[in-house]
Amino acid sequence: MKQFFRRYKLSLLIIIFSLTLGLAPVLSVLIASIIANANDCILHEGNVNPCKIGSVDLGGLLYSMAVSGWFMLVSIPFGLIGLVFGLISLIVQIWNIRH
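Quick summary incoming for the structure in this document.

Rules and cut-offs
- Residues numbered from 1 in each chain as written.
- Predicted model: local features only at pLDDT ≥ 70, side-chain atom pairs only at ≥ 80, totals over all residues.
- Heavy atoms only, no water.
- Helix = DSSP H or I, 4+ residues; strand = E, 2+ residues; numbered from the N terminus.
- Rg over C-alpha atoms; globule rule 2.2 N^0.38 Å.
- Buried < 20%, exposed > 50% of the residue type's maximum accessible area, 1.4 Å probe, protein only.
- Contact = heavy atoms within 4.5 Å.
- Areas by Shrake-Rupley, 256 points an atom, 1.4 Å probe, with all protein chains shown as cover.
- Patch = residues over 30% accessible without salt bridge, like charges linked within 9 Å, V, L, I, M, F, W, Y side chains within 5 Å.
- Salt bridge = Lys/Arg side-chain N within 4 Å of Asp/Glu carboxyl O.
- Arc of directions from axis to C-beta.
- Core = buried A, V, L, I, M, F, W, Y, C linked by side-chain atoms within 4.5 Å.
- Expected span 1.5 Å × (residues − 1).

Points about the overall build of the protein
Along the backbone of the protein there are three helices and two strands. N-terminal to C-terminal, the α/β element order of the protein is α-β-β-α-α. A globule of 99 residues ought to have a C-alpha radius of gyration of about 13 Å, yet the protein, at 20 Å, is considerably larger. Reported as C-alpha extents along the three principal axes, the dimensions of the protein are approximately 65 × 25 × 15 Å. With 99 residues in all, the protein has 25% of them scored as buried. Sequence separation of at least 24 residues holds for 64% of the intrachain contacts in the protein that already meet a minimum separation of 6. In the form shown here, the protein has an accessible surface area of approximately 7100 Å², with 73% of it arising from carbon and sulfur atoms.

Structure (C-alpha cells):
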C-alpha cells in the first residue's frame, strides 16, 4: 500500500508539472497583458513600445513576456502528453489496487 501512494504521488506530480509546463507561456502573456492594460500601455508583437511604470520603462520586458506566448505551440502539446501519461499511470495504479 505504501508503494501505491508513492506511485500515486509521482503520477500527481507528473500531472501538475505537465500542466505547469503547458500553461507557463499562456500565463506569461496574460500577466504582461494585465500589467500593460493597468498602466495604459500599448502591447503587441510587432515591436517594443515604451511602458513607463513609475520611473522605469518596462516595455521591453512586457514585449518579451508577450512574445514568449509563441512557446505555447510547443509547450501545450508536451504538457498534454505529460497529462495523458500521468492520468494513465494514475488509472493503472488505482486499477491494480482494486483488483
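Here's the deal with a nonpolar patch on the surface
A contiguous nonpolar patch, built from F17, L21, W70, L73, V74, F78, I81, V84, F85, I88 and V92 and spanning about 1100 Å² of accessible area, is present on the exposed surface. Of all the elements in the fold, those that place two or more residues in the nonpolar patch are α1 (2-38) and α3 (72-98). With eight residues, the single largest contributor to the nonpolar patch is α3. Its place among the elements puts W70 in the loop between α2 (59-67) and α3.

A word on α2
All of the buried residues along α2 are G59, L62, M65 and A66. For α2, the buried positions fall inside an angular range of 130 degrees around the axis, keeping them on one side.

Description of the nonpolar core
Counting six residues, the largest nonpolar core consists of A32, A36, C41, C51, L62 and M65. Listing elements by their share of this core, those giving two or more residues are α1 and α2. Other than its neighbours up to four places away in sequence, L62 contacts A32, I35, A36, L43 and C51.

Quick word on α3
The first and last C-alpha atoms of α3 sit 38 Å apart over 27 residues, in line with the 39 Å expected at 1.5 Å per residue. Residues of α3 that are buried: S75, G79, G82, L83, G86, L90 and Q93.

A word on the environment of L62
Within the element layout of this structure, L62 appears in helix α2. Along the backbone, L62 and I31 are 31 residues apart, and their C-alpha atoms lie at a distance of 8.7 Å.

All we've got here are geometric facts, nothing functional implied.
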